[in-house]
Amino acid sequence: PSQTAAPTATEPPTAIPPTLTATATPAPSETPTATASPTPEAVTALTLRWVDVYAGPGEAYPMLASFAENIRFIATGRNEAGDWLQVELSPQIGGWISWNNIELTGDRDLLAIIDPKMLPDTPAKLTPEKNAKVWAVITHEGWVRLRVADLVPKTEYTIKVQIINGREVFSRTFTSGVAGGYQNYTHITIQGLGVGVYRVWLYFRGALVAQTTFTID
């Protein structure tokens, strides 16, 4: 009989690994960055000359300080008339400078219009009836220097001197200066006075607003 060939062993098929399909990963979207609004530049004031700073918009207010030229302040407001500027003297204190004495940098329309009546702790205005003071300094035998202070600027006053129980020895009408505030004063010198006690009166529109006495021995 013919021999039957033994079956040939067949190797098992090699497993083909599955083909991986790459899935595209979306790139992370960028978070939009907030754009800051531009901050308005500060409005500043540069002094053009020696200036006085007042507690309110006018020379009748007490004077707070004086500054030389080329001093720069941050401006914080203005009055309705537009002739006085409020500046920052410190974070807690503001003062007022006449517009004629400064050079403004920035947009003046950004400055708030400030009503002086609404200012906190604003000192009262000087008034002739309440604030004027007068006293005497004897500078030499027979010479007396009268000092009159706390005057309302550009205001007419009359000063009279009389020896007690005697005649009037001096009278003068004068107009106060423009310095304003509590620094506004004047000196009046009288010569040729004899020994005695004298009384001084200061008048505003005929009303007595201040008085004092002095003695020459």
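Residues numbered from 1 in each chain as written. Predicted model: local features only at pLDDT ≥ 70, side-chain atom pairs only at ≥ 80, totals over all residues. Heavy atoms only, no water.

Once that is clear, we can look at the environment of G192. By the element assignment, G192 lies in the loop between strand 12 (185-190) and strand 13 (196-204). Take G192: its relative accessible area is 72%, and that puts it in the exposed class. Distance in space between the C-alpha atoms of G192 and V144 is 9.0 Å, their sequence separation being 48 residues. (Helix = DSSP H or I, 4+ residues; strand = E, 2+ residues; numbered from the N terminus. Buried < 20%, exposed > 50% of the residue type's maximum accessible area, 1.4 Å probe, protein only.)

Membership of the largest hydrophobic core comes to 24 residues, with the highest contact counts inside it found for L146, Y157, I159, V161, F174, L202 and F214. Looking at this core, the elements that each hand over two or more residues are strand 9 (143-149), strand 10 (156-163), strand 11 (168-175), strand 12, strand 13 and strand 14 (207-216). Excluding anything up to four places from it in sequence, L202 contacts A132, V148, L151, Y157, T158, I159, F174, A207, L208, V209 and A210. Counting 12 residues, the second largest nonpolar core, distinct from the first, contains A45, V53, I97 and L111. (Core = buried A, V, L, I, M, F, W, Y, C linked by side-chain atoms within 4.5 Å. Contact = heavy atoms within 4.5 Å.)

Let us look at unusual backbone geometry. Of note in this structure, D150 is not a glycine but carries a positive phi near 60°. For D150, the location among the structural elements is in the loop between strand 9 and strand 10. Residue D150 is classed as buried on the basis of its relative accessible area of 8%. Positive phi is not limited to glycine here, since N165 has a value of about 60°. As for its placement among the helices and strands, N165 is situated in the loop between strand 10 and strand 11.

Further remarks concern the sheet that holds strand 9. Here three strands make up an open sheet; going across it, the order is 8-9-12 and the pairing antiparallel. Here the strands that pair on one side only, and so sit at the sheet edges, are strand 8 (133-140) and strand 12. Direction aside, neighbouring strands of the sheet carry axes that sit 20° apart on average. As paired strands, strand 9 and strand 12 are joined by six bridges and run antiparallel to one another. The residue bridging V144 from the neighbouring strand is I190, located in strand 12. (Pairing = 2+ DSSP bridges. Axes fitted to C-alpha atoms, helices over the stretch in contact; angles between N-to-C directions.)

Take S98: it is sitting in strand 6 (residues 94-98). On the accessibility criterion, S98 (15% relative accessible area) is buried. Ignoring any residue separated from it by four or fewer positions in sequence, one finds S98 in contact with D83 and W84.

Looking now at the pattern of salt bridges. Applying the stated rule across the entire model yields one salt bridge. K133 is the salt-bridge partner of D150, the closest N and O atoms lying 2.5 Å from each other. Separated by 17 residues along the polypeptide, D150 in the loop between strand 9 and strand 10 and K133 in strand 8 bring together distant segments of the chain. (Salt bridge = Lys/Arg side-chain N within 4 Å of Asp/Glu carboxyl O.)

Strand pairing in a sheet takes place through backbone hydrogen bonds and is either antiparallel or parallel in direction. Strand order in the open sheet made by the four strands is 11-10-13-14, with antiparallel pairing throughout. Two strands bound the open sheet, and with one partner strand each, they are strand 11 and strand 14. Recorded for the sheet is a direction-independent mean angle of 15° between the axes of neighbouring strands. As defined by bridge partners, strand 13 adjoins strand 14 across nine bridges and the pair is classed as antiparallel. Across the sheet, the residue bridging to V197 is T215, located in strand 14.

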